[in-house]
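Chain residues, written in single-letter form:
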Amino acid sequence: MSHRSWAEPWKIKVVEPIRMTSREERIAAIEEAGYNSFLLKSDDVYIDLLTDSGTSAMSDFQWAGMMIGDEAYAGSKSFYNLVNAVHDVYGYEELVPTHQGRGAEHILSQILIKDGDYVPGNMYFTTTRFHQEHAGGKFVDVIIDEAHDTASLHPFKGNIDLDKLQSLIDEVGAEKIPYISVETNVNMAGGQPLSMANLKATYELCHQHGILVMLDATRAVENAWFIKQREAGYEDKSIAAIMREICSYSDGATVSSKKDNLVNIGGFLALRDPELAKQARALLVAFEGLHTYGGMSGRDMEALARGIREMVGTDDHVRARVGQVEYLGDKLIKGGVPIIRPVGGHGVFLDAKAIMPHLPHDQFPAQALTAAIYVESGVRGMERGIVSAGRNKATGDHNYPKLELVRLTVPRRVYTQAHMDVTAESVIDVVENAEAVGGLRFTYEPESLRFFQARFEPVS
Ligand code: PLI
């Protein structure tokens, strides 16, 4: 058979105009934003690759669900539709709905972590680690070393290093480790998956020691796609079946529904243990909302229930989603841009350290490169490096992460191949002249999660 390209399994029914700006306008906008892409106005952005979070295009079926969302304060029909969707797709019995992912992380951390506990995980995520530390825990990175190596082509860079995990257990004792936080398709590592074999082995080791396994299943569908592509024995399984198997090796999950689940707001904590769920619901009613809405409206829950079924309804959905990210990644590789490889599931991560060797780490190379790309073309990315890593609580110094990255994150079902072409061309132009990009220094540094609201100015 002759070669056939894949194409998106949808067509476009509604469009949203976007505006191209002049270089002068963009220079003024980035100065006003303190060189922080989070502080740009979206009206000044041409192609918005800040995040894949809450930026998906919903389907006509989801929009139709918005119209029939049940807004009852208690016992909403849409809540029960959501319970059934989570049960059918993820396999969890107990659902605790939250306004978004960090709401679920807050509640999970509060019910399980005691002062002085340790919480291992496969690389940190910003809000996840914040809530673990806020609850008195200490995050310990147990991801394999290859995850920190931008050049490594390991197919499962999100894997847990079982020796590191065993060493932690030996050192502090299992009773000090309430759970391990296992992220699917590890965001900060570049959207890199873990293998089913590794997850299963992690689950078995943890259960020998009475340690719970809690997934961050925010991008589990993308992880399932990579398992199907790369792990022997899964090539003929459906994404839906792989999803259920992933979740079978866990005691619960936090999910930001703003990613895989194809909605603009929402999230949940899912659990197997009804006793733990009871404790979670006690906090839920204080911090999020009643246990049958948890911060979402009825229409949000209806669209979410439909999005959850849609994300696994056909394998073509995730093939096109990850395929578009790979398309952008391949263009950049061909253009000589150093990026994290293999290309991840939700975005392309530029290696700012390799692109800008002339800048010291504490002049924030990835922050500066993000701003330069915006000025060049109006493409908005995000820093994922030293600014995101924050400061060490004990010493007050920056955390110096090995990875200093610019993330170009692709929203689901939003942009076309032509948008990816324009993005690649403009990034290649900036990278070819990267020595002209100068460093930055703080003019305002928030105490926690500083990357969101920090402001900078050029060093010279
Ligand atoms: O933004 P939230 O509160 O719905 O979810 C927090 C969150 C938890 N886990 C993971 C792996 C995330 O990626 C995540 C949020 N990510 C954002 C906002 C992002 O831009 O990647």
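How each quantity is defined
- Residues numbered from 1 in each chain as written.
- Predicted model: local features only at pLDDT ≥ 70, side-chain atom pairs only at ≥ 80, totals over all residues.
- Heavy atoms only, no water.
- Axes fitted to C-alpha atoms, helices over the stretch in contact; angles between N-to-C directions.
- Helix = DSSP H or I, 4+ residues; strand = E, 2+ residues; numbered from the N terminus.
- Parallel < 35°, antiparallel > 145°, perpendicular 65-115°, else oblique.
- Contact = heavy atoms within 4.5 Å.
- Phe/Tyr/Trp six-rings, centres within 6.5 Å; stacked < 30°, edge-to-face > 60°.
- Buried < 20%, exposed > 50% of the residue type's maximum accessible area, 1.4 Å probe, protein only.
- Lys NZ or Arg CZ within 6 Å of the ring centre and 35° of its normal.
- Near = heavy atom within 4 Å.
- Polar contact = N/O pair within 3.5 Å; in protein donor to acceptor, adjacent residues only side chain to side chain.
- Areas by Shrake-Rupley, 256 points an atom, 1.4 Å probe, with all protein chains shown as cover.
- Pairing = 2+ DSSP bridges.
- Core = buried A, V, L, I, M, F, W, Y, C linked by side-chain atoms within 4.5 Å.

Novice: Residues and numbers for the packing of helix 8 (residues 220–230) against helix 12 (residues 315–334), please.
Specialist: Relative to each other, helix 8 and helix 12 sit at 90°, their axes nearing to 10 Å. In terms of their interaxial angle, helix 8 and helix 12 are classed as roughly perpendicular. Residues V221, E222, W225, F226 and K228 of helix 8 pack against D315, V318, R319, R321, V322 and E326 of helix 12.

Novice: If you had to explain the packing of aromatic side chains to someone new, which residues and values would you point to?
Specialist: In this structure the tally under the stated criterion is 11 aromatic pairs. Look at Y203 and Y249: their rings are 6.1 Å apart centre to centre, the planes differ by 55°, and that puts the pair in the tilted class. Here the residue Y203 occupies a position in helix 7 (residues 196–208), and Y249 occupies one in the loop between helix 9 (239–248) and strand 7 (252–256), the gap between them amounting to 46 residues. Y249 shares its class with Y203; the two are buried. The structure contains a cluster of three or more aromatic residues connected by ring pairs, namely F38, F451 and F452. Positioned over the ring face of Y124 is R129, at 4.2 Å from the centre of the ring. When the ring centre of F451 is taken as reference, the NZ or CZ atom of R384 above it lies at 4.8 Å.

Novice: Pulling in residues and values, what's your account of the site of the ligand?
Specialist: Around the ligand, the surrounding shell holds 18 residues, and the nearest of these are T51, R102, D216, S256 and K259. In the environment of the ligand, an oxygen atom lies 2.7 Å from a nitrogen or oxygen atom belonging to the side chain of T51. N187 is positioned such that a nitrogen or oxygen atom in its side chain is 2.8 Å from an oxygen atom of the ligand. In the complex, 95% of the free accessible area of the ligand, which totals 470 Å², lies under the protein chains. Counting residues per element, the shell around the ligand draws most heavily on helix 4 (residues 101–112), which supplies three residues.

Novice: An account of the sheet that holds strand 9 (residues 347–351) is needed here, citing residue identities and associated values.
Specialist: Spatial strand order, 9-12-11: three strands in an open sheet with antiparallel pairing. Sheet topology places strand 9 and strand 11 (382–384) at the edges, where each strand pairs with a single neighbour. In this sheet, neighbouring strand axes are inclined to one another by 35° on average, regardless of whether the strands run parallel or antiparallel. Both strand 9 and strand 12 (residues 405–409) contribute to a ladder of five bridges, which runs antiparallel. Bridge assignment links G347 to a residue of strand 12, and that residue is T409. Against the sheet, helix 12 engages strand 9 and strand 12, with an angle of about 25° to strand 9.

Novice: Please provide a residue-by-residue account of unusual backbone geometry, values included.
Specialist: If a residue is not glycine, its phi is most likely negative; likewise, a peptide bond is most likely trans. Cis rather than trans, the peptide bond between R341 and P342 has omega equal to -10°. Here P342 is to be found in the loop between helix 12 and strand 9. Non-glycine residue Y35 carries a positive phi angle of around 55°.

Novice: Explain the side chain of S181 to me, using residue names and the numbers behind them.
Specialist: When you line up the elements, S181 lands in strand 5 (residues 179–183). For S181, a relative accessible area of 13% corresponds to the buried category. Setting aside its immediate chain neighbours within four residues, S181 contacts V119, P120, G121, N122, T128, Q132 and M214.

Novice: Which residues make up the nonpolar core, and what are the values?
Specialist: Of all hydrophobic cores here, the largest spans 64 residues; its most connected members are L82, Y90, L215, M243, I308 and M311. With residues near it in sequence (within four places) discarded, M311 still touches V89, Y90, V221, M243, D260, N261, L262 and H317.

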